[in-house]
Amino acid sequence: MLTIALCFLTGIICGVLLRGRPAILKGVSWLTDLTVGFMLFVLGLSIGANETVVTNLSSLGLDGLALAAGAIAGSLLAMLPLSLSIFREGS
Amino acid sequence: MKGSLLLLGCFALGIAAGWLDWMPSWLVEGNAELFVLYGLLLLVGIGIGCDSKAVKNILRVNVKALSVPALVVLGSLLGAAAVSIAVGRVGLRDSLAVGAGFGYYSLSSILISQIRGEELGVIALLSNIFREVLTILLTPLLAKYCGKLYPIACGGATSMDTTLPVIHRSVGNRYAVIAVINGAVLSMLVPFLVPILLS
C-alpha cells in the first residue's frame, strides 16, 4: 500500500520536473496505454485459467452492475444539497 | 470510446488465452505483474505531473468546486455499501473498494486484483465499466431533468476524460471545467483509497 502511494507520488514529482517537453508527455501516455493493455491482458489470463471465475462470470457481472448502480445512485443523491445551495442554477 | 474498446479487447484476449491454457509460465509465477503495476502508477503520476493544466486546475480550485468530488466520494461509498448490505453477496469492505474505483476501471481493477484476488478484480472491472457506459447513456437525461451537476457526479473519475465529450455537450463550458476538476481529483484518490479500504 505504501509502495503504491510512493510510486504514484514519485511519478507526479518526475512529471513536474519533466514539464515543457511535449514529446515526453506523448511518449508517457502511449506507454501508459500499452501498460494498461498489458495488465488487463494478464488479468484476463489469470481469469480465463480460473475455472470458478469463468463459470461465474455472469453472476460477477451482475454483482458489478448492482454496485455500479449503487455508487451512481449514491453520487446523484449526494448532489442534492449542492444543487439546492451553492450550485443553484440560474442564480 | 475507441480506447476503451481496445482495452476491453486486451482483456477478452487474455481470458481466451487463459481459458485455452496458453499461459506463459513466467507471467503466472513470479511477481512480474507487481512491478509492472508499480511502473504503471509511476507513468500515471508522470502524466498528471507533466500536465501543467491538470495540476494548476487542482491547485486553483476553490472549496465550491472541490465540494463536488468530495460528495461523489461520499455518495459512491455509501451507495456501494447500501448495495452490499441489501444484496449481501459482496462483502462490505470489498464493495467499498469497488465503489472507490469511481469508474476508473483500468487502474482500480488492476489494483484490486493484485491486493484481493481475481474474483473481486473482475467485479471491479465490470462495475466500473458499467459506471462509464451508464454515464454516457444517462448524461443527456440527467442534465435535462435533474441538473448540470448530476452527469458530472455520475461520471466520477471518468468525467475528465472518457465521458467528458458527452458531458460537455450536455452541460456547457462552465460546468465542463467542474467536470475536469471532479475527474482529476477522483482519479488521484483511486490509488490511495482502494488500498486503504482493502488493508
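The model shown is predicted, which means the values in this text are computed figures rather than measured ones. (Residues numbered from 1 in each chain as written. Chains lettered and ligands numbered in written order. Predicted model: local features only at pLDDT ≥ 70, side-chain atom pairs only at ≥ 80, totals over all residues. Heavy atoms only, no water.)

1. Quick word on the packing of aromatic side chains
For clarity, the threshold we go by: Note on aromatic pairs: the rings of Phe, Tyr and Trp (six-membered ring only in Trp) are paired at centre separations within 6.5 Å, and the planes decide the class, stacked below 30 degrees, edge-to-face beyond 60, tilted for the rest. We count a stretch as a helix when DSSP gives it H or I for four or more residues in a row; a strand needs E for two or more, and each element gets its number in order from the N terminus. Relative accessibility decides the category of a residue: with a 1.4 Å probe and only protein chains considered, values under 20% of the type maximum give buried, values over 50% give exposed, and everything between is partly exposed. Over a ring means this: the NZ of a Lys or the CZ of an Arg is within 6 Å of the ring centre and within 35 degrees of the ring normal.
Enumeration over the complete set of coordinates arrives at three aromatic pairs over all chains. A ring pair is formed by phenylalanine 8 of chain A and phenylalanine 192 of chain B, whose centres lie 5.7 Å apart and whose planes are at 70°; its orientation type is edge-to-face. Note that phenylalanine 8 of chain A is positioned in helix H1 (residues 2-17) and phenylalanine 192 of chain B in helix H10 (residues 164-198), a pairing that runs across two chains. For phenylalanine 8 of chain A, a relative accessible area of 1% corresponds to the buried category. Using a relative accessible area of 25% as the deciding quantity, one classes phenylalanine 192 of chain B as partly exposed. Ring centres 6.3 Å apart and planes at 50° place the aromatic pair phenylalanine 87 of chain A and tyrosine 175 of chain B in the tilted group. Of this pair, phenylalanine 87 of chain A sits in the segment after helix H5 (80-84) while tyrosine 175 of chain B sits in helix H10, each in a different chain. Like tyrosine 175 of chain B, phenylalanine 87 of chain A is buried. The positively charged end of lysine 64 of chain B is found above the aromatic ring belonging to phenylalanine 87 of chain A, 5.0 Å away from the centroid.

2. A closer look at helix H6 (residues 92-99) of chain B
Let me state the cut-off plainly: Residues are treated as being in contact if the distance between any of their heavy atoms lies within 4.5 Å.
By the criterion of burial, H6 of chain B is predominantly enclosed, with six of the eight residues buried. Along H6 of chain B, the positions that sit buried rather than exposed are Asp94, Ser95, Leu96, Ala97, Val98 and Gly99 of chain B. Buried residues belonging to H6 of chain B abut helix H4 (57-78) of chain A together with helix H5 (63-87), helix H7 (105-116), helix H8 (118-145) and H10 of chain B.

3. Some points on the confidence of the model for chain B
All names here are of chain B. Stated precisely, the cut-off is as follows: What pLDDT conveys is the predictor's confidence in a given residue, as a value from 0 to 100.
Of the residues in chain B, 90% reach a pLDDT of 70 or more, and the chain-wide mean stands at 88. For chain B, per-element mean pLDDT is lowest for helix H2 (residues 25-28), which scores 66, and highest for H6, which scores 98. Overall fold confidence (pTM) sits at 0.83, and the ipTM for the predicted complex is 0.85.

4. Some remarks on the interface of chain A and chain B
Put simply, the test is: Simply put, the buried area is the total loss of 1.4 Å probe accessible area from both parts when two parts are fitted together. Whenever Lys or Arg places a side-chain nitrogen within 4 Å of a carboxyl oxygen from Asp or Glu, that contact is recorded as a salt bridge. Pairing of N or O atoms within 3.5 Å defines a polar contact, subject to two protein rules: one partner must be a possible hydrogen donor and the other a possible acceptor, and residues neighboring in sequence count only if both atoms are side-chain atoms. Under the scheme applied, nonpolar residues are Ala, Val, Leu, Ile, Met, Phe, Trp, Tyr, Cys and Pro; charged residues are Asp, Glu, Lys and Arg; polar residues are all the others, including Gly.
Chain A puts 62 residues into the contact, and the matching count from chain B is 77 residues. Where chain A abuts chain B, roughly 6600 Å² becomes buried across the two surfaces, and 82% of that area is made up of carbon and sulfur atoms. Summed over the shared surface of chain A and chain B, the number is one salt bridge. Summed over the shared surface of chain A and chain B, the result is 12 residue pairs in polar contact (both at pLDDT 80 or more). Contributing elements (two or more residues each) for the side of chain A that touches chain B: H1, helix H2 (22-48), helix H3 (51-55), H4 and H5 of chain A. In terms of residue count, the dominant contributor to the side of chain A that touches chain B is H2 of chain A (19 residues). Residues of the side of chain A that touches chain B, tallied by class, amount to 40 nonpolar, 18 polar and four charged.

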